[in-house]
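Fold and contact review
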Amino acid sequence: MGHSVKYIPGKDYSLEELKKLIRAQGWIIESKGSSGHLVARKEGHKPFDIPTAPSKKTKQSILKSIGLK
């Protein structure tokens, strides 16, 4: 498996780094059909979408959803 990504507050993560952080927190990432969007799921938590090109604001919202912010 690839290198782990360390959470650094305020960093603008690439999509690949963001996906590694999400998986490291125990979330499962699945395809959301032909749109290219992904969805993250974890038992006991509300699923959330991962756009193919998330804005910095969206990335920060995702980090908050997985408990890193």
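Residues numbered from 1 in each chain as written. Predicted model: local features only at pLDDT ≥ 70, side-chain atom pairs only at ≥ 80, totals over all residues. Heavy atoms only, no water.

Further remarks concern the pattern of salt bridges. Following the criterion strictly, the structure yields five salt bridges and no others. Notably, a salt bridge pairs Asp12 with Lys59, separated by 3.0 Å at the nearest N-O pair. On the criterion of sequence distance, the pair formed by Asp12 in the segment before α1 (15-24) and Lys59 in helix α2 (residues 56-65) is long-range, its members being 47 residues apart. Among the residues examined, Asp12 registers a relative accessible area of 44% and is labelled partly exposed. (Salt bridge = Lys/Arg side-chain N within 4 Å of Asp/Glu carboxyl O. Helix = DSSP H or I, 4+ residues; strand = E, 2+ residues; numbered from the N terminus. Buried < 20%, exposed > 50% of the residue type's maximum accessible area, 1.4 Å probe, protein only.)

Taken in spatial order, the three strands line up as β1-β2-β3 in an open sheet, and their pairing is antiparallel. Unpaired on one side and paired on the other, β1 (28-31) and β3 (48-50) mark the two borders of the sheet. Shown here is a sheet whose adjacent strand axes are inclined to one another by a mean of 35°, direction ignored. Here three bridges tie strand β2 (residues 38-41) to β3, and the two strands are oriented antiparallel to one another. When the bridges of β3 are listed, Leu38 appears paired with Ile50. (Pairing = 2+ DSSP bridges. Axes fitted to C-alpha atoms, helices over the stretch in contact; angles between N-to-C directions.)

Summed over the entire model, instances satisfying the criterion amount to two aromatic pairs. Their ring planes at 20° and their centres at 6.5 Å tell us that Tyr7 and Tyr13 sit as a pair that is stacked. Of the residues examined, Tyr13 reaches a relative accessible area of 1% and is grouped as buried. (Phe/Tyr/Trp six-rings, centres within 6.5 Å; stacked < 30°, edge-to-face > 60°.)

Those residues of α2 that fall on the buried side of the exposure criterion are Lys59, Gln60, Ile62 and Leu63. Projected down its long axis, α2 carries its buried residues within an arc of 160°, all on one side. Facing away from the buried side of α2 by over 90 degrees, the exposed positions are Lys57 and Lys64. Contact partners of the buried residues in α2: α1 and β3. (Arc of directions from axis to C-beta. Contact = heavy atoms within 4.5 Å.)

Along the polypeptide, Glu43 turns up in the loop between β2 and β3. Each C-alpha atom of the pair Glu43 and Pro54 lies 24 Å from the other, and the pair is 11 residues apart in sequence.

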